[in-house]
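What follows is each chain in one-letter form.
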Amino acid sequence: MSRFRMYPTSEQAEQMLLHCAHARYVWNLAVEQHVCWRPGRRSAPGFAEQCRQLTEARRDNDWLRAGNADVQQQALQDFARARNARFTSGFGEPTWRRKHVHEGFRVIGTDRVPEFEADGSPKLNARGRQVMGRLVVVQRLNRRWARVKMPGCGWVRFRLTRAELPVAKTFRVTFHNQQWHIAFAVIPEPLPAPDTGEVVGIDRGVKITAALSDGRKLNCPQLTTRERAQIRKHQRRAARAPKGSARKQAEYAKMARLKGREADRRKDWCEKTSTMLARTCRLIRFEKLNIRNMIASAKGTIEQPGRNVRQKAGLNRSILAQGWGLLRRRTGEKAPGRVEDVPAPYTSLRCSACGWIEKDSRKSQAEFICVSCGFTCNADENAAVNVAAGQGGIPRPRRAAGAGGVTAAANRSSAREPQPVRVEIPFLKEGRMSKALGFAEYDHPVRAHGGARP
Ligand SMILES: [Zn+2]
């Protein structure tokens, strides 16, 4: 994928927002058809049937007919693709798209070009004619700017931040945080592996985002103290503004800008770091984290409320602010076949010199002194070396467990990862705004009947 920032004029932006609305409407209709399916009923319509229904809907519906048919059909195509990949993509069943949150649409190129097989011979269809493929119309304006043909908008300019013009059959346009982006559907070549490269292990943490087994410590940039204070200020002002007022909206917009900046920084860091890893390391090992389980809420239910709920919410926010998942995913995409996942248990408690696993070896967040051999190291680096070696290991047998006998655990096992005691200061008290901005808020459990919050 090659993605660029797009700069439409205000009329073009208006038209493009309409495309977004149409695509979202069609997508949600498709979701609805599939959500209603129950075992025993006829299967929900597939892509071809949905396209026929779309044509009918366009005939009956003026608003839909005013939109671009290709944009609407591509939304169905996207849906079909998402649904076919629901078991492999990691995203599951396609779900609803919301206004202001999932703004985007796909456009198929308008140029017709003959297609060829991999060996250079013309690609033929069943009748023996050459297959004509689609191509996006792109023009370079100068060294830094290019433009693309957009249905209903004419030429739209985008900032060309790569050496060559992208060649693609389709592209996707998104609108997020008041910014338009265009992403051409191109799968780039994987980065070549270095000839002499080490195996590198990566330990991801909250304090140090990525500790490498060669001793490097990489940190994902976050908002500065000043920016956090600004967010709090706007949040406070928004809370005091009358409900539904323009002032409240303006304050929310300012908060959105700041939070968008944080997400941009995180994404930029993940991209640069994953490229660096893919270029310089032969084999990259990550510890296997189930981030979804790690950020599970501590809230509990009304009958059994959880403990330390705010602290856990803060920790969850710090976990999400690290971009662990994105770093792993992008590294895997840039270096396919060269990334491995290592089971995570005990990587932070195992001595990388002698292999002894004991809780007491980890003196503090940063300090590791092996109780068995006296090896001293930074705790994150020690964990990263364990990951690079490909093992966390199994806990040593309890001393009390004699031959053949099983002793009940008197106390907690000493081979237990240190539990969080205190976390970084959460800078946002209530997550209402973050939800509106697409920042997932994980500390409310989903309630089936909208019961009162405790
Ligand atoms: Zn040791």
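Throughout this document, residue positions are counted from 1 along each chain, in the order its sequence is written. Where totals are concerned, whole chains, interfaces and linings use all residues; where local detail is concerned, this predicted model gives features only for residues with pLDDT of at least 70, and gives and counts side-chain atom pairs only at 80 or more.

Here the focus is the overall build of the chain. Under the scheme used here, helices are H or I runs from DSSP no shorter than 4 residues and strands are E runs no shorter than 2 residues, and both carry numbers assigned from the N terminus. The number of helices and strands found in the chain is eleven helices and 16 strands. Comment: burial labels come from other C-beta atoms within 10 Å of the residue's own C-beta, placed from the backbone, where a count of 20 or more is buried, 12 or fewer is exposed, and between is partly exposed. Here the chain holds 454 residues, and the buried ones make up 26% of them. Our contact criterion uses C-beta atoms placed from the backbone: two residues qualify when those atoms are within 7 Å. Contacts spanning at least 24 positions in sequence make up 66% of the contacts within the chain whose residues lie at least 6 apart.

This part is about the packing of helix α1 (residues 10–35) against helix α4 (residues 69–84). All axes here are fitted lines through C-alpha atoms, helices being fitted over the stretch that makes contact, and every angle between N-to-C directions spans 0 to 180 degrees. Relative to each other, α1 and α4 sit at 40 degrees, their axes nearing to 8 Å. By the criterion of interaxial angle, the relationship of α1 to α4 is oblique. The chirality of how α1 crosses α4 is right-handed. Facing H19, H22, A23, V26, W27, A30 and H34 of α1, the residues of α4 in contact are V71, Q72, A75, L76, F79 and R83. Residue classes follow a fixed rule: Ala, Val, Leu, Ile, Met, Phe, Trp, Tyr, Cys and Pro count as nonpolar, while Asp, Glu, Lys and Arg count as charged, and any other residue, Gly among them, counts as polar. Within the contact of α1 with α4, the residues separate by chemical class into eight nonpolar, four polar and one charged. Any angle from 65 to 115 degrees is called roughly perpendicular, while one under 35 is roughly parallel, one over 145 is roughly antiparallel, and all others are oblique. Take the far helix as the reference: if the near one is turned anticlockwise from it by less than a right angle, the crossing is left-handed, and if turned clockwise, right-handed.

For the rest of this paragraph, the subject is the nonpolar core. Connectivity within a nonpolar core runs through C-beta atoms within 7 Å, and the core itself is a set of buried Ala, Val, Leu, Ile, Met, Phe, Trp, Tyr and Cys residues. Core analysis: the largest hydrophobic core is formed by 29 residues, its most contacted members being A23, A75, F105, V148, F158, V173 and I182. Every element with two or more residues in this core is listed here: β1 (2–7), α1, α4, β2 (103–108), β6 (145–150), β7 (154–159), β8 (170–176) and β9 (179–184). By residue number, the principal contributor to this core is α1, which donates six residues. Here A23 is in contact with V71, Q72, A75 and F105, once residues within four sequence places are set aside. Counting residues in each nonpolar core, the second largest holds 25 residues, with V200, A278, C281 and A384 among its members.

Further remarks concern helix α9 (residues 324–334). Every buried residue of α9 is listed here: W324, L327, R328, R330, T331 and K334. Where α9 is buried, its residues contact β10 (199–204), β11 (210–212), α6 (246–280), β13 (283–288), α7 (291–294) and β14 (339–343).

Strand order in this open sheet of five strands is β12-β11-β10-β13-β14, and the pairing throughout is mixed. Pairing within the sheet leaves two strands with one partner each, and these edge strands are β12 (217–218) and β14. Strands are labelled as partners when DSSP assigns at least two bridges between them. Pairing analysis gives two bridges linking β11 to β12, with the strands arranged antiparallel. Of the residues in β12, the one forming a bridge with A211 is K217.

Between α6 and α9, whose axes approach to 9 Å, the crossing angle comes to 40 degrees. For the element pair α6 / α9, the angle class is oblique. Crossing of α6 against α9: the hand is right-handed. Within the contact between the two elements, α6 uses K267, C270, E271, T273, S274, T275, L277 and A278 and α9 uses L326, L327, R330, T331 and K334.

Here we take up the pairing of β10. Of all six residues making up β10, five are buried, and the element is well covered by its neighbours. When β10 meets β13, the two strands line up parallel, connected through four bridges. Along β13, the bridge assignment pairs V199 with L283. Direction of pairing for β10 relative to β11: antiparallel, over a ladder of three bridges. Note on β11: the bridge partner recorded for I202 is L212.

Here the focus is unusual backbone geometry. Positive phi values are uncommon outside glycine, yet N177 reaches one of about 50 degrees. For N177, the location among the structural elements is in the loop between β8 and β9. Using a count of 15 C-beta atoms within 10 Å as the deciding quantity, one classes N177 as partly exposed. Residues other than glycine seldom take positive phi values, yet Y346 does so here, at roughly 70 degrees. Considering the arrangement of structural elements, one finds Y346 in the loop between β14 and β15 (367–369).

Another aspect to go through is the sheet that holds β1. Judged by pairing direction, the sheet is antiparallel, and its seven strands sit side by side in the order β2-β8-β9-β1-β7-β6-β5 without closing on themselves. Each end of this open sheet is capped by a strand with a single partner; those strands are β2 and β5 (138–140). Averaged over all pairs of adjacent strands, the angle between strand axes in this sheet comes to 30 degrees, irrespective of strand direction. One ladder, built from five bridges, connects β1 with β9; its direction is antiparallel. Counted as the bridge partner of R5 is H181 from β9.

Once that is clear, we can look at the pairing of β2. When you tally the buried positions in β2, you get five out of six residues, the bulk of the element. Pairing of β2 with β8, which is carried by six bridges, proceeds in the antiparallel orientation. The residue of β8 that forms the bridge with V107 is F171.

pLDDT measures how confident the predictor is about each residue, on a scale from 0 to 100. Residues of the chain with pLDDT of at least 70 account for 85%, and the chain-wide mean is 82. Here residues 396–411 scores under 50 on pLDDT; set against residues more than four positions off or in separate chains, the count is five contacts.

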